[in-house]
Amino acid sequence: MINIVLHEPEIPQNTGNIGRTCVITGSRLHLIRPLGFRINEKTVKRAGLDYWQKLDVTEHDNYPAFMDYVNQADDFSKPRIYYATTKGKHRYTDVQFHDGDYIMFGRESAGIPEEILAEHPEDCIRIPMLPEERSLNLANSVAIVLYEALRQLDFPGLESEGELHRLHYRNEL
């Protein structure tokens with residue numbers, strides 16, 4: 001399982017979309033407070049549709065509380081935390097993701113605080129984009145990086161093929 005972490009998210013629709021993506025991929029969502037909205041807002045649940053009640057979500061009071069949570073794992077199984085940021089020196093495709101890893105994303109308006117990033121330069125990853133553009137939508141960024149991590153893990157537990165509802169593909173009898 002991959003863990004998605006949102007550090008102080010501000011836009012409820014993005015959080016709802018990310019929650020839906022987490023449910024569909026079997027990922028866990030971690031929300032680090034303060035949140036820019038109430039978790040029960042209609043906009044969060046509307047964006048997450050009927051998936052929100054299925055979401056495996058944990059809220060943390062702040063970044064130190066989140067780190068305490070992560071550090072409860074024994075040293076042998078200690079997961080890695082990757083920090084997705086436009087300021088990263090490594091592409092998200094350059095790292096090797098493992099089961100249990102965390103991928104943190106920052107606020108829509110400011111990203112992850114630089115005080116956190118400065119402590120973890122080797123774990124900062126980025127999605128390549130044109131230099132004159134600011135950033136991608138948060139929900140899109142989560143989907144891009146999460147699916148790369150899942151691809152590296154061979155999409156554990158996910159369906160790899162689908163079926164038509166009413167018809168059959170022409171080459172199948």
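Everything in this summary refers to the structure shown in the same document. What you see as residue numbers is a count from 1 along each chain, following the sequence as written. Where totals are concerned, whole chains, interfaces and linings use all residues; where local detail is concerned, this predicted model gives features only for residues with pLDDT of at least 70, and gives and counts side-chain atom pairs only at 80 or more. Only hydrogens and water are removed before side-chain values are computed, so all heavy atoms of the structure are retained for them.

**Things to note about helix α3 (residues 63–70)**
The following threshold applies: For every residue, the accessible area (1.4 Å probe, protein chains only) is compared with the maximum for its type, and the residue is labelled buried under 20%, exposed over 50%, or partly exposed between those bounds. Helix numbering and strand numbering both begin at the N terminus, where a helix is a DSSP run of H or I of at least 4 residues and a strand a DSSP run of E of at least 2. Each C-beta atom gives one direction from the helix axis, and the arc is the one those directions make. Any two residues whose heavy atoms approach within 4.5 Å are treated as being in contact.
Looking only at α3, the buried set comprises Y63, F66, M67 and V70. Buried residues along α3 cover an arc of 100 degrees about the axis, so they all sit on one side. Exposed positions of α3 whose direction lies more than 90 degrees from the buried face are P64 and D68. On its buried side, α3 packs onto β1 (3–7), β2 (28–32), β3 (57–60), β4 (81–84), β6 (102–105) and α4 (114–118).

**Quick notes on a nonpolar patch on the surface**
Condition: Patches here: salt-bridge-free residues with over 30% relative accessible area, like charges joined within 9 Å, nonpolar side chains (Val, Leu, Ile, Met, Phe, Trp, Tyr) joined within 5 Å. Residue burial considers only the protein chains on display, and all accessible areas are found by Shrake-Rupley using a 1.4 Å probe. The term salt bridge refers to a side-chain nitrogen of Lys or Arg lying within 4 Å of a carboxyl oxygen of Asp or Glu.
On the surface, I24, Y147 and F155 cluster together into a nonpolar patch covering about 250 Å² of accessible area. Tracing the sequence through the fold places Y147 in helix α5 (residues 138–152). With relative accessibility at 34%, the residue Y147 sits in the partly exposed group.

**Focus: the environment of D56**
Applied cut-off: Identification of polar contacts relies on pairs of N or O atoms within 3.5 Å, with a donor-acceptor requirement for protein atoms, meaning one able to donate a hydrogen and the other able to accept it, and with residues adjacent in sequence counted only if both atoms are side-chain atoms.
Secondary-structure assignment places D56 in the loop between α2 (42–48) and β3. Taking the C-alpha atoms as reference, D56 lies 5.2 Å from R28; in sequence the two are 28 residues apart. If sequence neighbours within four positions are ignored, D56 has contacts with M1, S27, R28 and L29. Engagement of the side chain of D56 in a polar contact is seen with the side chain of R28, the distance being 2.9 Å.

**Here we look at the nonpolar core**
What counts, and what does not: What we call a nonpolar core is a set of buried Ala, Val, Leu, Ile, Met, Phe, Trp, Tyr and Cys residues that are connected through their side-chain atoms within 4.5 Å.
The biggest cluster of nonpolar side chains holds 27 residues, and the ones touching the most others in it are I4, L6, I18, I103 and F105. Looking at this core, the elements that each hand over two or more residues are β1, α1 (12–25), β2, β4, β6 and α5. Among the elements that make up this core, the one with the highest residue count is α5 (7 residues). One finds I32, M67, V70 and I81 within the second-largest nonpolar core, a separate group that totals 14 residues.

**Here's the deal with the packing of aromatic side chains**
Under the convention used in this document: Each aromatic pair joins two rings of Phe, Tyr and Trp (for Trp, the six-membered one) with centres within 6.5 Å, and gets the label stacked for planes under 30 degrees apart, edge-to-face for over 60, and tilted for any other angle.
For the structure on display, the rule yields 4 aromatic pairs. Summarising the aromatic geometry, the rings of F66 and Y102 are spaced 5.6 Å apart at their centres and angled 80 degrees between planes, so their arrangement reads as edge-to-face. One end of the pair, F66, is in helix α3; the other, Y102, is in strand β6, and 36 residues separate them in sequence. Pair check on accessibility: F66 and Y102 agree, each one buried. Ring geometry for Y147 versus F155: centroids 6.4 Å apart, planes at 45 degrees, classification tilted. Through pairs of rings, three or more aromatic residues link up here, namely Y63, F66 and Y102.

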